[in-house]
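For reference, the chains in residue letters:
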Amino acid sequence: MDSLTQIVLGAAVGEAVLGRKVGNKAMLYGAIAGTIPDLDIFASHFTDVVTSLEIHRGFTHSFLFAALFAPVLGYLVSLYEKSANWKQWSWLLFFGFVTHSLLDAHTTWGTQLFWPFDLRVAYKNIFVIDPLYTLPLMIGVILAMNQKISSPKRKKYNRLGLIISSSYLLLTIFLKGITYLKFEEALKKQGIAYSEMETKPTALNSVLWSANVKTSNSFLIGYYSLFDTQPITFAEYSKNHHLLGNLRNKGKIIRMIKITNGWYTISEENGELNFNDLRYGTLSLDSAATNFVFSYKIKKQNEALTFTEKPKGSRDAKKLMRQLWQRIKGN
C-alpha cells in the first residue's frame, strides 16, 4: 500500500498495542514501524532495475524480519523510552511490521511473507491507494490522539477505525469473487478459450475491476463495473515473446519473467525492445492503449542486458483518472 496508509495503519496498531500505557508515543513508534519495511525501495539507488524489483517486498516484508528485528529495535527504543519495557516496545514494533506486510499481500505486486522461501503472496483485492480503506483509520487515529490517555473514547475511536477499514478489506474480497464470476461468464459466452485469469480493482476504488486473461498467443484485458449493464469486452495484446529471440535465455530476462509471473508482452519501438509488465495494465482504458503502467526498455551492451523503466507522463495519469470516473459509473 501507499506510504500514508502504512503510516496510519502503523499508528493505529501502535495505539491498540500500547496506547493505554504510553499515549501518543505508541502512535509515533507504530507509524515508524509501519514505514520501516518499505525502506527496501532504497535498493534502487544501489542496484540495477531487475535486482531492485526482486528486493522490493522481500526480506523486510517477511515474518522472519519482524521476528529478528522487532526485539532488537524494541530494546534500542527502551533505552531512552522508559514508559514501557523492551518486550512491550518489541511487540508494538512486531505488530507494526507484520500488519504492514499482511496489508501489502492484498495488493497486486506480491509480498514474500515467508522469505527466504521464494513465494510471493498477492490476493489482488485492493489497489495500492484506496481512500475508503485509509480514511477510517486516519479519522480513528486523529480522534484518538486528541483524547486523554485514560479516556475510554481513545480506545473506542481507534478500534472503530480498525474495524471499519478491516471490514472494507473483507468486502473487497467478496467483490473480487463476484467480479471474477462475471468475467468468467463473459469469456464463456464469447467462446474464448483461456488458460488463466487474474482480476484486480482499478485505481482508487473497488467498484471497477479489471481482468487479465491468458490465451495461447495473446493476453486479453477487460473491465467490469458493478454498475455495468452491457456485456464485457476485451482488448487483445499479442504476447510477441518470439521477439526476444536468443535473449529469452539471458539471466535478466528469465528473472523479469519470474517477477511478472509470466504476465508480460514484448513490443518493438524504434528498433528497441520493450518488456511490458501486464499485471498493472495500461495508463488508459482505450481498447487500443499501449502505454503500460510498467514498461522497461531492454538494451544490450556487448553481452550484458540492462533494463530501464520508461517514464510515465502526468497527462496520461490525468486522462486515466477521468476515464476511470466515467467507467466506474457503468457502461
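Data block above holds the structure.
All figures in this text were calculated on a predicted structure; none of them were measured in a lab.

Colleague: How would you sum up the packing of helix α6 (residues 131-145) against helix α7 (residues 152-189)? Please name residues and give values.
Modeller: Packing of α6 against α7 brings their axes to within 7 Å, and their N-to-C directions diverge by 175°. Between α6 and α7, the interaxial angle falls into the category roughly antiparallel. Of the residues in α7, those in contact with L132, Y133, P136, L137, G140, V141, L143, A144 and M145 of α6 are R154, Y157, N158, G161, L162, I164, S165, S166, Y168 and L169. Here the contact of α6 with α7 is composed, by residue class, of 13 nonpolar, five polar and one charged.

Colleague: Provide a residue-level description of the sheet that holds strand β6 (residues 272-282), including the pertinent values.
Modeller: Sheet architecture is open: four strands sit in the order β5-β6-β7-β8, paired in antiparallel fashion. Each edge of the open sheet carries a strand with a single partner, namely β5 (264-269) and β8 (304-309). Geometrically, the sheet is characterised by an average inter-axis angle of 30° between neighbouring strands, direction not taken into account. Bridging between β6 and strand β7 (residues 292-301) involves six bridges; their strand directions are antiparallel. Residue pairing across strands places D277 opposite F294, the latter belonging to β7. Sitting on the sheet, helix α8 (residues 251-259) touches β5, β6, β7 and β8, and the angle it makes with β8 is about 40°.

Colleague: Before we move on, could you go through a nonpolar patch on the surface and cite the residues and values that matter?
Modeller: A grouping of V72, Y75, L76, L79, Y80 and W86 is seen on the molecular surface, where their side chains present a nonpolar patch of about 620 Å² in accessible area. Among the elements that take part in the nonpolar patch, helix α4 (residues 63-80) stands out by supplying five residues, more than any other. Residue class for L79 comes out partly exposed when judged on its relative accessible area of 43%.

Colleague: Talk me through the packing of aromatic side chains; I want residue IDs and the actual numbers.
Modeller: Throughout the structure, instances matching the rule amount to 18 aromatic pairs. Considering the side-chain rings of W91 and F95, the 5.6 Å spacing of their centres and the 25° angle between planes classify their relative orientation as stacked. Residue W91 and its partner F95 are located together in helix α5 (residues 86-104), separated by four residues, close to a single helical turn. Here a set of aromatic residues connected by ring pairs shows up, and it is made of F59, F65, F69, F97 and W115. The ring of W263 has K214 sitting right over it, with the charged end atom 4.8 Å from the ring centre. We note R279 situated over the ring of W109; from NZ or CZ to the ring centre the distance is 4.7 Å.

Colleague: Give a description of empty space enclosed by the protein that names residues and reports values.
Modeller: Throughout the structure, instances matching the rule amount to one cavity of 30 Å³ or more. One number sums up the size of the largest cavity: a volume of about 40 Å³. Lining the largest cavity are T108, K124, E198, T199, K200, N212 and R279. Residue contributions to the lining of the largest cavity peak at three residues, all from strand β1 (residues 196-201).

Colleague: Give a detailed account of the packing of helix α1 (residues 3-22) against α5, specifying residues and quantitative values.
Modeller: Remark: α1 packs on α5, axes separated minimally by 9 Å, with the N-to-C direction vectors making an angle of 150°. The orientation of α1 with respect to α5, classified from their angle, is roughly antiparallel. Crossing of α1 over α5 shows right-handed handedness. Residues T5, Q6, L9, V13, G14, V17, L18, K21 and V22 of α1 touch α5, and the partners they reach there are Q88, W89, W91, L92, F95, G96, T99, H100, L103 and D104.

Colleague: Which residues make up the sheet that holds β1, and what are the values?
Modeller: Across the sheet, which stays open at both edges, the four strands sit in the order β1-β2-β3-β4 with antiparallel pairing between neighbours. Either end of the sheet is taken by a strand with one partner, and the two such strands are β1 and β4 (234-238). Each strand of the sheet is rotated relative to its neighbour by a mean of 20°, with strand direction disregarded. The pairing of strand β2 (residues 208-214) with strand β3 (residues 218-225) spans seven bridges and is classified as antiparallel.

Rules of the game
Residues numbered from 1 in each chain as written. Predicted model: local features only at pLDDT ≥ 70, side-chain atom pairs only at ≥ 80, totals over all residues. Heavy atoms only, no water. Axes fitted to C-alpha atoms, helices over the stretch in contact; angles between N-to-C directions. Helix = DSSP H or I, 4+ residues; strand = E, 2+ residues; numbered from the N terminus. Parallel < 35°, antiparallel > 145°, perpendicular 65-115°, else oblique. Contact = heavy atoms within 4.5 Å. Nonpolar A, V, L, I, M, F, W, Y, C, P; charged D, E, K, R; others polar. Pairing = 2+ DSSP bridges. Patch = residues over 30% accessible without salt bridge, like charges linked within 9 Å, V, L, I, M, F, W, Y side chains within 5 Å. Areas by Shrake-Rupley, 256 points an atom, 1.4 Å probe, with all protein chains shown as cover. Salt bridge = Lys/Arg side-chain N within 4 Å of Asp/Glu carboxyl O. Buried < 20%, exposed > 50% of the residue type's maximum accessible area, 1.4 Å probe, protein only. Phe/Tyr/Trp six-rings, centres within 6.5 Å; stacked < 30°, edge-to-face > 60°. Lys NZ or Arg CZ within 6 Å of the ring centre and 35° of its normal. 1 Å grid on protein atoms, 1.4 Å probe; cavity = no way out; pocket = protein on both sides within 12 Å on 5 of 7 lines; lining within 4 Å. Points joined across faces, edges and corners; volume = space filled by probe spheres on them. Left-handed = near helix turned anticlockwise from the far one by under 90°.

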